[in-house]
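As a plain string of letters, each chain reads:
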Amino acid sequence: MDGLTIVQHPLVQHKLTILRDRNTSIQLFRAVVRETATLLCYEVTRDLPTERVRIETPIAATESPTISGKKLVIAPILRAGLQMAEGMLDLVPSARLAHVGLYRDPLTLQAVEYYFKTPEDCAERLVIVVDPMLATGCTAIAALDRLKEAGVCDMRFVCLLASRPGAEAVRAAHPDVPIWAAAVDQELNDHGYIVPGLGDAGDRTYGTR
Ligand code: URA
């Protein structure tokens, strides 16, 4: 699919298997979500612009690259995105955070907003939106709509797992927003869960069920 990158790295695929396994403990699930997000962060930031700066090593003066431009923003969709944001911050500790509070109405499967806060100048920054599960796409589309309303124009979406219909829906609604995922599953069940998926990422992270 155009605009969808599946991260095939063996470490990512190995960790995704741990996440899919229903016997994985909450403690391990939480740790592996964080580690996988760190690896996905490495991929999604692969083309960030750099500039050469003059520094001195203990041996000699030299020029060396640093990331240029404004610090990026990580935008977790609450609550399941929070643990992914931690994993990304492990790699990009100076990133800013935007919080997008959306929940999925269990009957309509539509996204309902309950919290929204972004850095003031987020319009001038690259925003990486994170949510472990891109299922129907409704929540992701609503989050991207809301961020665009707030002026954001440069976004990337990162998830652990996408459904094919969900990824297609997001790409159709926001063709300017590329997606990164560790895998794409073909189906959703009647409750909007990804099949085979990994279950409810929020509940498995926070031990709420
Ligand atoms: N949200 C989840 O946590 N899991 C799914 O499979 C779908 C949505």
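What counts, and at which threshold
- Residues numbered from 1 in each chain as written.
- Predicted model: local features only at pLDDT ≥ 70, side-chain atom pairs only at ≥ 80, totals over all residues.
- Heavy atoms only, no water.
- Helix = DSSP H or I, 4+ residues; strand = E, 2+ residues; numbered from the N terminus.
- Rg over C-alpha atoms; globule rule 2.2 N^0.38 Å.
- Buried < 20%, exposed > 50% of the residue type's maximum accessible area, 1.4 Å probe, protein only.
- Contact = heavy atoms within 4.5 Å.
- Areas by Shrake-Rupley, 256 points an atom, 1.4 Å probe, with all protein chains shown as cover.
- Pairing = 2+ DSSP bridges.
- Arc of directions from axis to C-beta.

**Thoughts on the overall build of the protein**
Helices and strands together make up the secondary structure of the protein, namely 6 helices and 13 strands. In summary, the protein has a C-alpha radius of gyration of 18 Å against a globular reference of 17 Å for 209 residues, a match within 12%. Dimensions of the protein, computed from C-alpha atoms along their principal axes, come out at roughly 65 × 40 × 30 Å. Among the 209 residues that make up the protein, the fraction classed as buried is 45%. Long-range contacts, defined as pairs at least 24 residues apart, comprise 64% of the intrachain contacts of the protein with a sequence gap of at least 6. For the protein, the accessible surface area stands at approximately 10,700 Å², while carbon and sulfur atoms represent 52% of it.

**Let's talk about the pairing of strand 8 (residues 127-130)**
By the alternation rule, side chains of strand 8 split into Val-127 and Val-129 and Ile-128 and Val-130, which are all buried. Strand direction decides the pairing type here: strand 4 (residues 73-78) and strand 8, joined by 4 bridges, are parallel. Across the sheet, Ile-74 pairs through a bridge with Ile-128, a residue of strand 8.

**Side note on the pairing of strand 3 (residues 61-67)**
Inspection of the sheet shows strand 2 (residues 50-56) paired to strand 3 by 7 bridges, in the antiparallel sense. By the bridge assignment for strand 3, Thr-50 is matched with Ile-67. Connecting strand 2 to the antiparallel partner strand 3 that follows it, the hairpin turn spans 4 residues.

**Concerning helix 1 (residues 10-20)**
Quick reminder: α-helices carry 3.6 residues per turn. Residues three or four places apart thus point the same way. Buried residues of helix 1: Val-12, Lys-15, Leu-16 and Leu-19, and no others. Buried residues of helix 1 fall within an arc of 105° about the axis and therefore sit on the same side. Looking at helix 1, the residues exposed on the side facing more than 90 degrees away from the buried face are Pro-10, His-14 and Thr-17. Here the buried face of helix 1 lies against helix 2 (26-44), strand 10 (155-163), strand 11 (179-185) and helix 6 (201-206).

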